[in-house]
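What the coordinates show
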Amino acid sequence: MERAPGAGSSPGPQDRPPAPAAPPGQRPAAPPEPAPSPGEPPAGPGAAGEALAALTAFGRRLLVLVPVYLAGALGLSVGFVLVGLALYLGWRRVRDGKERRLRVARLLLDDEERLTAQTLYLSHRELPAWVSFPDVEKVEWLNKIVAQVWPFLGQYMEKLLAETVAPAVRGSNPHLQTFTFTRVELGEKPLRILGVKVHPGQNKQQILLDMNISYVGDIQIDVEVKKYFCKAGIKGMQLHGVLRVILEPLIGDIPIVGAVSMFFIRRPTLDINWTGMTNLLDIPGLSSLSDTMIMDSISAFLVLPNRLLVPLVPDLHDVAQLRSPLPRGIIRIHLLAARGLSSKDKYVKGLIEGKSDPYAIVRVGTQTFCSRVIDEELNPQWGETYEVIVHEVPGQEVEVEVFDKDPDKDDFLGRMKLDVGKVLQAGVLDEWFPLQGGQGQVHLKLEWLSLLPDADKLEQVLQWNRGVSSRPEPPSAAILVVYLDRAQDLPLKKGNKEPNPMVQLSVQDVTRESKAVYNTNSPVWEEAFRFFLQDPQRQELDVQVKDDSRAVTLGALTLPLARLLTASELTLDQWFQLSGSGPGSRLYMKVVMRILYLDSSEVRFPAATGASDPDRESPQPGSSVDAPPRPRHTTPDSHFGAENVLRIHVLEAQDLIAKDRFLGGLVKGKSDPYVKLKLAGRSLRSRVVREDLNPRWNEVFEVIVTSIPGQELGVEVFDKDLDKDDFLGRCKVSLTAVLNSGFLDEWLTLEDVPSGRLHLRLERLTPRPAAAELEEVLQVNSLIQTQKSGELAAALLSVYLERAEDLPLRKGTKPPSPYATLTVGEASHKTKTVPQTAAPIWDECASFLIRKPNTESLEVQILVSQHSGVEAHSHSHSSSSVSEELESWGGLPHATSSAPELRQRLTHGDSPAEAPAGPLGQVKLTVWYYSEDRKLIGIVHSCRSLRQNGRDPPDPYVSLLLHPDKSRGSKRKTSQKRWTLNPEFNERFEWELPLEEALRRKLEVSVKSSSSFMSRERELLGKVQLDLAETDLSQGAAQWYDLTDDKDKGSS
């Protein structure tokens, strides 16, 4: 039976299912359109679309073969194709993962209520309004407001980026002059606030809110640099974190709140979906790096200690305090030990269980510290100390993570977290804390240090810190907060171009840098910097204002921190004049110092000596009362002159391990051992014994020690090599037994090596006041002194330097900022700098080992600190109050001998303009010999008034050469400065050579200039030759030297 054509292809109208009936009250639905018969052509758009999709898919697959074809055509290895394929697959995996996470997050936000109800097995109805949680409150009303405002916020962001951000980017770099935002859309998914926690009662002048924010948005931002045909952008982003909002100060006028501060307490989590050229950032390895760089940029803007301040009223008082408030306190974290850690190392494919190589990471906010690694130990002892700044309580946490160090990826052993509020409440917290996510415990001692504006507490803190053993850094006594506000009238660059100023702030070896402000000589930074101070009485703040290229210095400032100790509230809030800059160039800063005080019942600070002595008080500036009479005698404390001397005999060693290898390790040699001693902040070193595993040194070293308990003598043995010295073992000797018994003679087993022991003899020499038997002590020393050790000391000189009076004023009216140096032979002591006074009070002690009491002399120099260094010009002056005690020792008595020759010189610094330069100009140098490292040190500071031979200024540099050796090893050269007659170098050079050899050398300093860009010829601008035998190498004072031609020597 035949069927009609097309009967089997599609059902007829009678065979189709009936359409569903319309609900009552609604119009019936239109009947469906009839399907096309087989004879009719298919619908055009659908068929064309399918064909286009098939061709597109085929073309994409064909494109995969293009790299293979190109590799074969170019003759490249198959490895290039495999590497490219691996990168592409990794990129697709990361890309698909990000898109999948974004889809899941958007779905979760869209169906939050339904999914929450299903997860918690609750009904689909909303929670009643009266349901609340104890800590965090829901703010759905606020989310509804944000959702309605979101489109208008997008318009504002588009205007802000186009009118403010884009011009700033174009002006920051000439390569970005065609930078534009081509698309800015915040999308339809607004930011959500998951909860708000209010902290009541923290401060009556502020309102403190913690807002848990979550943003899973379809944001799209596209940028383009037309000059390079570069397009990039972002399509989709996630951001989750806790945003703290502070409303302060509360005022009695509209709008009630003076300003709003916002910041993230901890780094928020971030996930970005890149588009355009930035798709490359989704390649594995670059993905985490890109997100980290973006997160670092956000942290520099909105993560503690940085914050965003929005003033709501004009002329708000003390904006700097609101923008960068002082820290709440300092926590000193003692990472002591851990126990019961899990074993992660496996051997023989897991059949043999080893131990772990643990290390710890300590983190508070953005401050992170990493401990050293303890090899193969499940109960490590670290004994390390870190100091962290706490900005917000409550909110910040102390986090410790423990890892096992491995060659590939470190294994996680556990973590602990502790709110800093508990440390504040306890003062001192010493506990074992369990590790979460692993097994074991970690031992921490946490101390809360309060910030006090009281300089009287500083001496107590310094005395306490001297008895504290801390590594890797010594304990701090104070914290310095510098709020860098603005500068005015900085000098212009060449061609009268506006500079791009930035600031470098340094305290000792710690340097911080500000952002660069482009195209202005009156920049505004509004940034804060923080420094830990070990001894504020001796440290200085160095400020350098530079162009962003770091090649041009726009001004400098050196601020002795002792000046803050005499300021009100330990604070200076003022304009500072810049040196080496324009006449009106100045810098506005607020500098605040706070003493770190441990206020706990477990701590007893020693009483400050001399605090109640009326003779030691100096009149306040501007006081109407008469100055106190000059004291007739000094007033040192009871510990003055109570030091002991420890004589260390390094005798011999046995069974040292052999480290030398020859012929690629086939032939085993011996070792070239030497000994390093560390005690009381000094480092001593023995001579090297060549190729001996049982060396004999027979050397004697002497160190001045105090009676502070807990001191240890650290001894390390090394094998001398050409590149890096090999470790042969270490040991420690507690000084408690030696100081009590007076003598120790032992063989000490070397630790951390398979074999070896060291023979030491320690003697405590107690000074006693009797000079009658001094000659006998000298005779005994001559008998026991070995040829391989230096001359032994026969006496101890203790010097107490109290004060000076009637020092001459600088430039007729300005009081100086004097400090003193005490020198005996090669040993010297520098006091603190007392700012701006003609009657300084130092109240310091120093001790010196005296080897030849009948011939050695004590030299006292009083110098004046300048911003540009110390200018040394001889000026005779008298009346320095010095108390000395010359002491001999052994079992012999100790008494005051004939006083050594005392030479007094006052050295003061004038401005460079007061010392006329020679016809060829001058060079400023500092040359001294560092006896501990056996190095000759030279610093080239600057030149001034150089000779200009042509139409253009020279491009000077300084060359240094030690005569008579003209080998390349003794030549040194500074960097070259462009187009200047007054170059600033501040570069340091070193030569390793004994002091005896240095005294036989002459240092030739030549100032030269390049003749032209293509020429190798150098034009000599002038030179100076220093005979080191006639130069005082013990002081290290900066000095100007006149430049001469080849025929003459320079003079200072």
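Residues numbered from 1 in each chain as written. Predicted model: local features only at pLDDT ≥ 70, side-chain atom pairs only at ≥ 80, totals over all residues. Heavy atoms only, no water.

As a further point, take the overall build of the protein. Helix and strand counts for the protein come out as 12 helices and 51 strands. Residue burial in the protein is summarised as follows: out of 1052 residues, 42% are buried. Surface exposure of the protein reaches about 58,200 Å², of which carbon and sulfur atoms provide 53%. (Helix = DSSP H or I, 4+ residues; strand = E, 2+ residues; numbered from the N terminus. Buried < 20%, exposed > 50% of the residue type's maximum accessible area, 1.4 Å probe, protein only. Areas by Shrake-Rupley, 256 points an atom, 1.4 Å probe, with all protein chains shown as cover.)

The next subject is the sheet that holds strand β15 (residues 411–419). Taken in spatial order, the four strands of this open sheet run β12-β11-β14-β15, and their pairing is antiparallel. Only two strands of the sheet have a single partner each, and these edge strands are β12 (367–370) and β15. Neighbour-to-neighbour, the strand axes of the sheet open up by a mean angle of 15°, direction not taken into account. (Pairing = 2+ DSSP bridges. Axes fitted to C-alpha atoms, helices over the stretch in contact; angles between N-to-C directions.)

Positionally, V524 belongs in strand β21 (residues 524–533). A residue is classified by how much of its surface remains accessible, and V524, at 34% relative accessible area, is partly exposed. Among residues more than four places away in sequence, those in contact with V524 are D485, R486, K515 and V517. (Contact = heavy atoms within 4.5 Å.)

Our next topic: the pattern of salt bridges. Under the criterion given, the structure shown has 35 salt bridges. We note a salt bridge from E392 to R307, for which the minimum N-O separation is 3.6 Å. With a gap of 85 residues between them, E392 in the loop between β13 (381–390) and β14 (397–404) and R307 in the loop between α5 (286–302) and β7 (308–311) connect regions that are remote in the sequence. Judged by its relative accessible area of 9%, E392 is buried. The exposure class assigned to R307 is buried, which follows from its relative accessible area of 10%. With a closest N to O distance of 3.7 Å, K445 and E447 form a salt bridge. (Salt bridge = Lys/Arg side-chain N within 4 Å of Asp/Glu carboxyl O.)

A word on the packing of aromatic side chains. Evaluated as defined, the whole model comprises eight aromatic pairs. Judged by centre distance (5.1 Å) and plane angle (25°), the ring pair of F369 and Y386 falls under stacked. Pair noted here: F369 is in strand β12 and Y386 is in strand β13, with a separation of 17 residues, a long-range link. Aromatic pair Y674 and F718: ring centres 5.9 Å apart, planes at 25°, arrangement stacked. With Y674 in strand β29 (residues 673–679) and F718 in strand β32 (residues 712–719), this pair connects stretches of sequence that are 44 residues apart. A single burial state applies to Y674 and to F718, both of which are buried. Counting every residue linked through ring pairs, the aromatic cluster contains Y359, F403 and F412. Against the face of W575 rests R586, its NZ or CZ located 4.0 Å from the ring centre. Geometry around Y674 places R685 over its ring, the cationic atom sitting 4.2 Å from the centre. (Phe/Tyr/Trp six-rings, centres within 6.5 Å; stacked < 30°, edge-to-face > 60°. Lys NZ or Arg CZ within 6 Å of the ring centre and 35° of its normal.)

Look at the link from E248 to P249: it is a cis peptide, with omega at -10°. By the element assignment, P249 lies in the loop between β4 (230–247) and β5 (259–264). Put simply, I254 and P255 share a cis peptide bond, and its omega is 10°. In this fold, P255 is placed in the loop between β4 and β5. Of note, S945 is a non-glycine position whose phi angle comes to about 55°, a positive value.

On to the side chain of Q206, then. Counting through the fold element by element, Q206 comes out in the loop between β2 (192–198) and β3 (207–225). For Q206, a relative accessible area of 18% corresponds to the buried category. A distance of 3.0 Å separates a polar atom in the side chain of Q206 from a polar atom in the side chain of E248. What Q206 contacts, discounting residues up to four positions off in sequence, is I246, L247, E248 and L250. (Polar contact = N/O pair within 3.5 Å; in protein donor to acceptor, adjacent residues only side chain to side chain.)

Burial within strand β40 (residues 858–864) is extensive, with seven of its seven residues counted as buried. Bridge count between strand β37 (residues 818–824) and β40: six bridges; the pairing is antiparallel. Each bridged residue has a counterpart across the sheet, and for L822 the counterpart in β40 is V860.

The next thing to look at is the pairing of strand β44 (residues 922–930). The two faces of the sheet receive side chains in turn, since in a regular strand these alternate between them. When you tally the buried positions in β44, you get seven out of nine residues, the bulk of the element. Pairing geometry for β44 and strand β45 (residues 935–944), over nine bridges, is antiparallel. Its bridge partner being in β45, Y930 is matched across the sheet by K935. Alignment of β44 against strand β51 (residues 1039–1042), held across four bridges, turns out to be antiparallel. What sits directly across from Q922, in β51, is D1042.

Here, UniProt's "transmembrane region" (unreviewed entry) annotation points to residues 68–91 and 245–265. For the annotated span residues 68–91, helix accounts for 88% and strand for 0% of the residues, and the straight-line distance between the end C-alpha atoms is 19 Å. As annotated, residues 245–265 has a helix share of 0% and a strand share of 43%, and its two end C-alpha atoms lie 10 Å apart. (UniProt positions renumbered as here; feature names shortened; annotations may be inferred.)

Within the open sheet, the four strands sit side by side as β30-β29-β32-β33. Their pairing is antiparallel. Both outer strands of the open sheet, β30 (682–685) and β33 (726–734), are each paired with one neighbouring strand and no more. Averaged over all pairs of adjacent strands, the angle between their axes in this sheet comes to 20°, without regard to strand direction.

Positionally, S942 belongs in strand β45. Residues S942 and W1040 lie 98 residues apart in sequence; the distance between their C-alpha atoms is 9.1 Å. Excluding residues within four positions of it along the chain, S942 makes contact with Q922, V923, K924, P983, E984, F985 and W1040.

Moving on, we get to the nonpolar core. Soluble, globular proteins show a tendency: their nonpolar side chains are buried together. L480, L505, L541, M589 and M593 are the most contacted members of the largest nonpolar core, which totals 38 residues. With six residues, the top contributor of residues to this core is strand β25 (residues 586–597). Excluding residues that lie within four positions of it along the chain, L505 makes contacts with V482, V510, T511, R512, F529, F531, L541, D542, V543 and M589. Within the second largest apolar cluster, 31 residues are counted, among which are L646, A653, L656 and L758. (Core = buried A, V, L, I, M, F, W, Y, C linked by side-chain atoms within 4.5 Å.)

Take a nonpolar patch on the surface next. A surface patch of nonpolar side chains, about 780 Å² in accessible area, is lined by L63, V66, Y69, L70, L74, L76 and F80. Sort the elements by how many residues they give to the nonpolar patch and helix α1 (residues 44–74) lands first, with five residues. Inspection of the secondary structure puts L76 in the loop between α1 and α2 (78–110). A relative accessible area of 41% places L76 in the partly exposed class. (Patch = residues over 30% accessible without salt bridge, like charges linked within 9 Å, V, L, I, M, F, W, Y side chains within 5 Å.)

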